[in-house]
Amino acid sequence: MPSPSPPQSDHLIFFVNGKKVVERHADPEMTLLFYLRKVLCLTGTKYGCGTGSCGACTVMISKYNPDTKKIRHYSATACLVPLCSLYGAAVTTVEGIGSIKTRIHPVQERLAKCHGTQCGFCSPGMVMSIYTLLRNYPEPTTEQLMETLSGNLCRCTGYRPIVESGKTFCEESTVCQLQGTGKCCMDQEENQFYLEKKEKMCTKLYDESEFRPFDPSQEPIFPPELIRMAEDPHKKTLIFCGEKILWMSPTNMNEVLELRMKYPTAPLVMGNTTIGLNAVLKGEFHPMIISPVGLTELNFVDFTDDGMTIGAGCTLAEIKDILTSTVSEEPKEKTKTYRALLKHLRTLAGQQIRNMATLGGHVASKHDYSDINPILAAGKATLNLISKEGKRQILVEELFTTSLKEELRDGEVIYSVVIPQLSRWEIITAQRQAQHLENAFAIVNAGMRVQFREGTNTIKDLKMFFGRVGPTTVSASKTCEQLIGRQWNDEMLSEACRLVLDEIRIPPTAVGGMVEYKRTLIISFIFKFYLKVLRELHKLDPRRYPEIPENSISALEEFPIRAPQGIQMFQCVDPHQPPQDPVGHPIMHQSGLKHATGEAVYNVDLPRVDEELLLAVVTSSRAHAKILSIDVSEALEFPGVVDVITAKDVPGENNIDGEIIYAENEVICVGQIVCAVAADTYSHAKQAAEKVKVIYEDVEPQIITIEDAIKYNSFFFKEKKIEKGNIDRAFYYVDEIIEGEIHVEGQEHFYMETQSVLVYPTGEDEEMVIHTGTQYPTHVQDLVAAVLGVPRNRIMCHMKRAGGAFGGKVTKPAVLGAVAAVAAHKTGHPIRFHLERGDDMLITAGRHPLLTKYKIGFMKNGLIKAVDLQYYTNAGCTPDESERVIEYIVLKSETAYDIPNYRCRGRACKTNLPSNTAFRGFGFPQGALAVENYITAVAFKCGLPPEKVRDMNMSKTVNRTAYKELYNPEPLLKCWKECLEKSSFQSRKAAIEEFNKKNYWKKKGISIIPMKYSIAVPNGYETQAASLVHIYQDGSVLVAHGGCELGQGLYTKMIQVASRELKIPSSYIYLSETSTTTVPNASYTAASMGTDINGRAVQVRFLSILRSSSLS
Ligand SMILES: Cc1cc2nc3c(=O)[nH]c(=O)nc-3n(C[C@H](O)[C@H](O)[C@H](O)COP(=O)(O)OP(=O)(O)OC[C@H]3O[C@@H](n4cnc5c(N)ncnc54)[C@H](O)[C@@H]3O)c2cc1C
Ligand code: FES
Ligand code: FES
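Residues numbered from 1 in each chain as written. Chains lettered and ligands numbered in written order. Predicted model: local features only at pLDDT ≥ 70, side-chain atom pairs only at ≥ 80, totals over all residues. Heavy atoms only, no water.

(A) Structural detail: the overall build of the chain. Broken down by element type, the chain carries 32 helices and 43 strands. Whereas a compact globule of 1112 residues would reach a radius of gyration of roughly 32 Å, the chain reaches 31 Å, a difference of no more than 12%. In terms of its C-alpha atoms, the chain occupies a principal-axis envelope of roughly 90 × 75 × 70 Å. Split into buried and exposed, the 1112 residues of the chain put 56% on the buried side. By sequence separation, contacts in the chain at least 24 residues apart represent 74% of the contacts at least 6 residues apart. Of the side chains in the chain, 124 bear a positive and 129 a negative charge, and the two mean positions are spaced by 4 Å. (Helix = DSSP H or I, 4+ residues; strand = E, 2+ residues; numbered from the N terminus. Rg over C-alpha atoms; globule rule 2.2 N^0.38 Å. Buried < 20%, exposed > 50% of the residue type's maximum accessible area, 1.4 Å probe, protein only. Contact = heavy atoms within 4.5 Å. Lys, Arg positive; Asp, Glu negative; His and termini not counted. Charge placed at Lys NZ, Arg CZ, Asp CG, Glu CD.)

(B) Representation of the sheet that holds strand 22 (residues 625–631) in the model. Overall, antiparallel pairing links the three strands, which are arranged 26-22-28 in an open sheet. Only two strands of the sheet have a single neighbouring strand rather than two, namely strand 26 (666–667) and strand 28 (693–698). Summarising the sheet, strand 22 and strand 28 pair through six bridges and their orientation is antiparallel. In the strand pairing of strand 28, K626 is matched with E697. (Pairing = 2+ DSSP bridges.)

(C) The arrangement of the sheet that holds strand 2 (residues 19–23) in detail. Strand order in the open sheet formed by five strands is 2-1-5-3-4, and the pairing between neighbours is mixed. Each having just a single partner strand, strand 2 and strand 4 (70–77) make up the two edges of the open sheet. Direction aside, the axes of adjacent strands within the sheet are offset by 30° on average. Note that strand 3 (residues 58–65) and strand 4 share eight bridges and pair antiparallel. Opposite S62, over in strand 4, you have H73 as the bridge partner. Together, strand 1 (12–16), strand 2, strand 3 and strand 5 (90–92) form the strand contacts of helix 1 (residues 32–39), whose direction differs from that of strand 3 by roughly 115°. (Axes fitted to C-alpha atoms, helices over the stretch in contact; angles between N-to-C directions.)

(D) Region of interest: the site of ligand 1. Near ligand 1 you find 36 residues, and of these M270, T273, T274, T358 and D371 are the closest. The backbone of G271 places a nitrogen or oxygen atom 2.9 Å from an oxygen atom of ligand 1. T274 has a polar side-chain atom sitting 2.8 Å from an oxygen atom of ligand 1. Expressed as a share of its isolated accessible area of 990 Å², the protein-covered part of ligand 1 is 95%. (Near = heavy atom within 4 Å. Polar contact = N/O pair within 3.5 Å; in protein donor to acceptor, adjacent residues only side chain to side chain. Areas by Shrake-Rupley, 256 points an atom, 1.4 Å probe, with all protein chains shown as cover.)

(E) Geometry of the side chain of S123. Here S123 shows up in helix 4 (residues 123–136). With residues up to four places along the chain from it excluded, the contact list for S123 reads L111, T117, H595 and A596.

(F) Just helix 26 (residues 882–892), in detail. The element helix 26 is largely enclosed, with a buried count of nine among its 11 residues. Those residues of helix 26 hidden inside the fold are in contact with strand 29 (715–724), strand 35 (850–858), strand 36 (864–876), strand 37 (901–910) and helix 27 (924–942).

(G) Structural detail: the nonpolar core. Core analysis: the largest hydrophobic core is formed by 79 residues, its most contacted members being F14, L32, I61, L86, L376 and L383. With five residues, the top contributor of residues to this core is helix 11 (residues 336–345). Listed in part, the 52 residues of the second largest apolar core include Y871, A930, Y934 and Y967. (Core = buried A, V, L, I, M, F, W, Y, C linked by side-chain atoms within 4.5 Å.)

(H) Examining the environment of H589 more closely. Looking at the secondary structure, you find H589 in the loop between strand 20 (570–571) and helix 18 (592–597). When its relative accessible area of 9% is taken as the criterion, H589 is described as buried. Along the chain, H589 and K113 lie 476 residues apart, while their C-alpha atoms are 8.2 Å from each other. Sequence-distant contacts of H589, defined by excluding residues within four places in its chain, comprise T117, Q118, H595, E1045, G1047, G1049 and T1052. Within the structure, H589 has its side chain in polar contact with the side chain of E1045 (distance 3.1 Å).

(I) Geometry of the pattern of salt bridges. Considering all chains together, one arrives at 61 salt bridges under this definition. With a shortest N-O distance of 3.2 Å, R792 and D782 are connected by a salt bridge. Residue R792 is found in the loop between helix 23 (777–788) and strand 33 (795–799), and its partner D782 is found in helix 23; the two are separated by 10 residues along the sequence. Since its relative accessible area comes to 23%, D782 is described here as partly exposed. Between D868 and R903 there is a salt bridge, with the nearest N and O atoms lying 3.0 Å from each other. Of this pair, D868 sits in strand 36 while R903 sits in strand 37, and the two are 35 residues apart along the sequence. Given a relative accessible area of 13%, R903 falls into the buried group. Connected via shared salt-bridge partners are E143, E147, K320, R346, R354 and E438. (Salt bridge = Lys/Arg side-chain N within 4 Å of Asp/Glu carboxyl O.)

(J) Here's a closer look at the state of the cysteines. As enumerated under the stated definition, the model contains one disulfide in all. In this model, C202 is linked to C572 through a disulfide, with the two sulfur atoms separated by 2.2 Å. Taking the torsion about the S-S bond as the criterion, the C202 to C572 disulfide, at about 120°, is right-handed. Within this pair, whereas C202 is found in strand 7 (residues 200–202), its partner C572 is found in the loop between strand 20 and helix 18, the two being separated by 370 residues in sequence. A single burial state applies to C202 and to C572, both of which are buried. (Disulfide = S-S within 2.5 Å.)

(K) How the structure looks around the packing of helix 3 (residues 106–113) against helix 4. As a packed pair, helix 3 and helix 4 sit with axes 9 Å apart at the nearest point and diverge in direction by 130°. When the interaxial angle is binned, helix 3 and helix 4 end up oblique. Handedness of the crossing formed by helix 3 with helix 4: right-handed. Each of V107, Q108 and L111 in helix 3 lies in contact with helix 4, whose residues at this interface are S123, M126, V127, I130, Y131 and L134. A breakdown of the residues in the contact of helix 3 with helix 4 according to their chemical character gives seven nonpolar, two polar and no charged. (Parallel < 35°, antiparallel > 145°, perpendicular 65-115°, else oblique. Left-handed = near helix turned anticlockwise from the far one by under 90°. Nonpolar A, V, L, I, M, F, W, Y, C, P; charged D, E, K, R; others polar.)

Just distances and angles here, no functional claims.
Laid out in structure tokens, this is it:
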């Protein structure tokens, strides 16, 4: 605990964007991200996850090393950088490198112009990652670019345009749109070519010659004052004392050891990527912190004849650089373990985390998912430990092996790690399987080493370590012991697999599940190790040990990390089109430059409002339970708390068509909002929310799965059904019938900007103003009016842009808006309600899981005559959009096929899960997957290629869709043919078949799927749209319409429409926001119809203005 009389805090001195910051009250609890956004009001740096995983908060940190006299620039995720760790650092944010008000930086310009921004929420992070790379390597390679972006997520662009923008800086800059096709776009006249005789196609999306050059000499210098500070010989331990935490930054090793001895439970915060993560995800709290980060005594590398010693303070990125150069200089034989480490140092987390995380912190964390510890342990690495009492050495392995279990003793610090060289007859390997090659925790990883008796294949020593199969790295020590003395052959392999599965038991309750898959991976890793060792033995003594069979070689080949490539072809604009008419041109997103400079304002960036309170919610921890009591007394006494809001405080309706705003009497899912705490800061609100005591009594049944719902007959709405032909008769005459089922699981939206609402009562006539990043302002207005019991004309909902939505912001912002509005109503204060990522994922749910049962009748030639489908979605606990989703699935499930006898039924299952909602494609992707699954099953049964069965069953004549729209399949058939040709489908397929024949362990596949997606909604009035246009006396035009800018470029397209209709340049036209005050009763922006309906509304508005002006 902090001492009763806290010591005096030092001043925290650092620089942000070239300006000196002296913080007299640095709070050790505060992250750099919070400080930038809330204290310095630099909102360009975004919050996306708070756990270092998304890169939205990337900044560049520069530090001077007084020993080497070098400045290190590195990217870091500001959400994990403790403010107090920044003493003497220079921080550069997206605002510090360029602005549309002064001069945009080439990185920002190129990202925007290459169409690398859509919603733009990830863009500042992307910019800062690329910028940092250029500060270190002005002409990077594509590989360096890919590596630098490995820690930045984007949910909109698919990465290709982002990588392309970065590639324009690369030494081998080939941003050729036709790369890979054998032709170069530059060879084409003005980048145009003819697809067929009449159609002129373009591929040029931007003009590289417009890009301003990048001149590294023009970048800001490192502040000389910080160099002087770093070289000051009288440095002393810095102390920062916050409300709850005491931070100590010692300046030499002796002080570290003294503090460590004095405060044995205080962690050593280095990169903070374990401590910081645990604070967010597990709520871990440390009242004392010792932070020797940057201590040069811990930051060294020594080479000896036997290996290498690395200081515990070296970051994983620094180690990767050192190992890379060592490997390139030293003979292969001396660098076996280094190469094994390098394999994982490239893919472990993202670049920013590798820049921050230290070796000592990594080893000491003993994560079950550690990628490095299994290799260090297998490679016989030792730890040099130091304390006030002396020094000692232990093997890394001893930290994990149950029998030898060694813990760091009180007062001890890992000083360095010694990695020895391996002998000639020793072989080491590192393996890892994750859901994604980069920036994803391994599902299982491994480090394995074998040593043979010189000149033989007899095992002298064997070590196998696995990650993610136990609480920390697990050693298969018993297995290894039993195999010593055995020959390296197939029998040994079988024995090894049997023994290891016996020794490593993964309980069914293991974190992350996938128990069977993990067991399979263990075996697969051992097999790959076996093959690799056989290969090495062959290299060591080719005469005695044969090469492995050719068809097994692919098992050892790694999947390469490749830069995404692609080409976009679009119809060229008619040369006679007037030059100021922008329709058809690939113009940059209207906010592209603002996205890239961080000047685009999102809901979460709105400045603080006077008297505003922050809201934190208490959510249900039970799936289905009675609420026996809610005790808020302790929460109310918490500092800064103004009020606690429950269902009793709702002045209007609390249950609006089944959507419950605050839980009342019972909870129906985990994550349901029970009550909300309003306080002066979010931190206070959150801590107080933890003090609310809710007593539940579980209620049966607890319906979780679709199967549970079917069992309990728990459904929303009536069954949705369509039917044509005579299905029963068709099943009677078909050649074959297959039946089956397919489960498609749900999906998280993970829009980069989490949901947020700012609500304030204006103080007059029950007016309430709401700002939120929604896809459906009308719905927000509707629910808030209902919950407050006021007419809708008192509620003004505004949205400027959303940082991604994907369907997740159609209905949920209304519920969150209603929660906040009740709080604003009760307290009379403006309320800001911003969900942390974890809460967002918990409360707002996502895509509907789908179970499809199918029965298909078909002829031997693949022609499908009868289809009977039964769909079940898992809707969760409230209706939300589930009726539409199941309608969509049923109505669109015909996809591109024309089946004469067809029955499709759908039910939305009511379960005790958070309520699922709209999600890209609105159920269509799940439904279509089921359809393509049965098509493949038919093809398999008939022994035909699936594409042939698809072709055969596609609509061929004009008919009507399930919505009764007239449908001409000609474009689809043309598109199908074109895709087959352009993708060289058949020759690729042949090449793949050839590859698969030759490779036993690695297989490739290719598939082509036709798709018809009708833009239609069951209720015609939902496709209505309106617009409001102001033409000012200076000729400038302000356009408002009902559509929401979600990154899809809706505003950009509306400007194109307006410009064409008014025949004025785009620069005269402006769109500011979407609001219920300008366009009432607007439909949602979803279902692929935003541009169509709003574009038409804008067009019609202008036509009527022009008509009336020509009449008058
Ligand atoms: C988003 C994200 C993704 C990640 N992905 C991966 C991944 O894919 N694979 C993987 O292996 N890891 C991954 N990690 C984990 C990461 O590698 C570790 O968190 C990191 O190496 C810890 O180092 P640190 O310097 O940040 O430790 P800190 O958080 O600063 O400290 C961690 C612990 O180590 C102790 N400690 C620190 N230095 C010493 C020392 N010298 N002597 C004694 N004790 C010490 C501290 O007391 C503390 O208890 C990921 C982390 C994040 C945040
Ligand atoms: S990485 Fe910091 S907010 Fe996601
Ligand atoms: S543009 Fe990258 S997340 Fe939207």
